[in-house]
Amino acid sequence: QRALHVYPESSPKNWSACTDDVIYSRTDVFTPTVPLYKELVEKGVNGLHNLKMLVFSGDDDSVCATSGTQTWLWDISPNATATRSFAPWRVEGQTAGFWTTYDMGER
């Protein structure tokens, strides 16, 4: 929670690894979000706001695989350049995942 800047006073629910509190609608699965993210990235690139975005994708996610997330990221900004690719993310000395930083273009 601290890493995501979500503090107990702003999030009254207890956090857990898995929960049934999130209910997905079948229509949500087919709602495209790429246009929304393209608009956000475009506004960030054009200096309309200071865009900082965290996109998380688990390596064992059967709904949205890592390869799908990578393709999605490349699609929202074709001019994006990876400035750091697949750097290890470690927790208590153990590799917990990998992260990439993108430069989205001129501002």
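Residues numbered from 1 in each chain as written. Predicted model: local features only at pLDDT ≥ 70, side-chain atom pairs only at ≥ 80, totals over all residues. Heavy atoms only, no water.

Draft legend 1. Structural view of the overall build of the chain. Along the chain, the regular secondary structure elements total 3 helices and 2 strands. Going residue by residue from the N terminus, the α and β elements of the chain occur as α-α-α-β-β. Buried positions account for 13% of the 107 residues belonging to the chain. Long-range contacts, defined here as pairs at least 24 residues apart, represent 30% of the contacts in the chain between residues at least 6 apart. Carbon and sulfur atoms make up 54% of the accessible area of the chain, which totals about 9300 Å². (Helix = DSSP H or I, 4+ residues; strand = E, 2+ residues; numbered from the N terminus. Buried < 20%, exposed > 50% of the residue type's maximum accessible area, 1.4 Å probe, protein only. Contact = heavy atoms within 4.5 Å. Areas by Shrake-Rupley, 256 points an atom, 1.4 Å probe, with all protein chains shown as cover.)

Draft legend 2. View of the nonpolar core. Of all hydrophobic cores here, the largest spans 5 residues; its members are Val-41, Val-45, Trp-72, Leu-73 and Ile-76. With 3 residues, the single largest contributor to this core is helix α3 (residues 66-76). (Core = buried A, V, L, I, M, F, W, Y, C linked by side-chain atoms within 4.5 Å.)

Draft legend 3. Up close: the packing of helix α2 (residues 34-45) against α3. Closest axis-to-axis distance for the α2/α3 pair is 9 Å, and the angle between their directions is 50 degrees. Put simply, α2 runs oblique to α3. In this structure, α2 meets α3 at a crossing whose hand is right-handed. On the side of α2, the interface is formed by Val-34, Tyr-37, Lys-38 and Val-41, while α3 contributes Trp-72, Asp-75 and Ile-76. For the contact of α2 with α3, the per-class residue count stands at 5 nonpolar, no polar and 2 charged. (Axes fitted to C-alpha atoms, helices over the stretch in contact; angles between N-to-C directions. Parallel < 35°, antiparallel > 145°, perpendicular 65-115°, else oblique. Left-handed = near helix turned anticlockwise from the far one by under 90°. Nonpolar A, V, L, I, M, F, W, Y, C, P; charged D, E, K, R; others polar.)

Draft legend 4. The arrangement of the pairing of strand β2 (residues 94-103) in detail. Here 8 bridges tie strand β1 (residues 81-91) to β2, and the two strands are oriented antiparallel to one another. Counterpart to Arg-84 in the pairing with β2 is Thr-101. Between β1 and β2, which pair antiparallel and follow one another directly, the connecting turn spans 2 residues, one of which, Glu-92, has a positive phi of 50 degrees. (Pairing = 2+ DSSP bridges.)

Draft legend 5. Region of the structure containing α3. Within α3, the full set of buried residues consists of Thr-69, Gln-70, Trp-72, Leu-73 and Ile-76. Within α3, the buried residues cover an arc of 160 degrees as seen down the axis, which keeps them to one side. Those residues of α3 that are buried are in contact with α2, β1 and β2. (Arc of directions from axis to C-beta.)

Draft legend 6. Here's a closer look at the pattern of salt bridges. Inspection of the entire model under this criterion finds 1 salt bridge. Linking Lys-43 and Glu-39 is a salt bridge whose minimum nitrogen-to-oxygen distance equals 3.3 Å. Of this pair, Lys-43 and Glu-39 both sit in helix α2, 4 residues apart, roughly one helical turn. Look at Lys-43 and you get partly exposed, because its relative accessible area is 33%. What makes Glu-39 partly exposed here is its relative accessible area of 42%. (Salt bridge = Lys/Arg side-chain N within 4 Å of Asp/Glu carboxyl O.)

Draft legend 7. Just α2, in detail. Between its terminal C-alpha atoms α2 stretches 16 Å, which fits the 16 Å expected from 12 residues at 1.5 Å a residue. Within α2, the full set of buried residues consists of Val-41, Gly-44 and Val-45. The buried residues of α2 occupy one face: seen down the axis, they fall within an arc of 95 degrees. Turned more than 90 degrees away from the buried face of α2, the exposed residues are Pro-35 and Glu-42. Looking at the residues trailing α2, positive phi occurs at Gly-47, about 80 degrees. (Expected span 1.5 Å × (residues − 1).)

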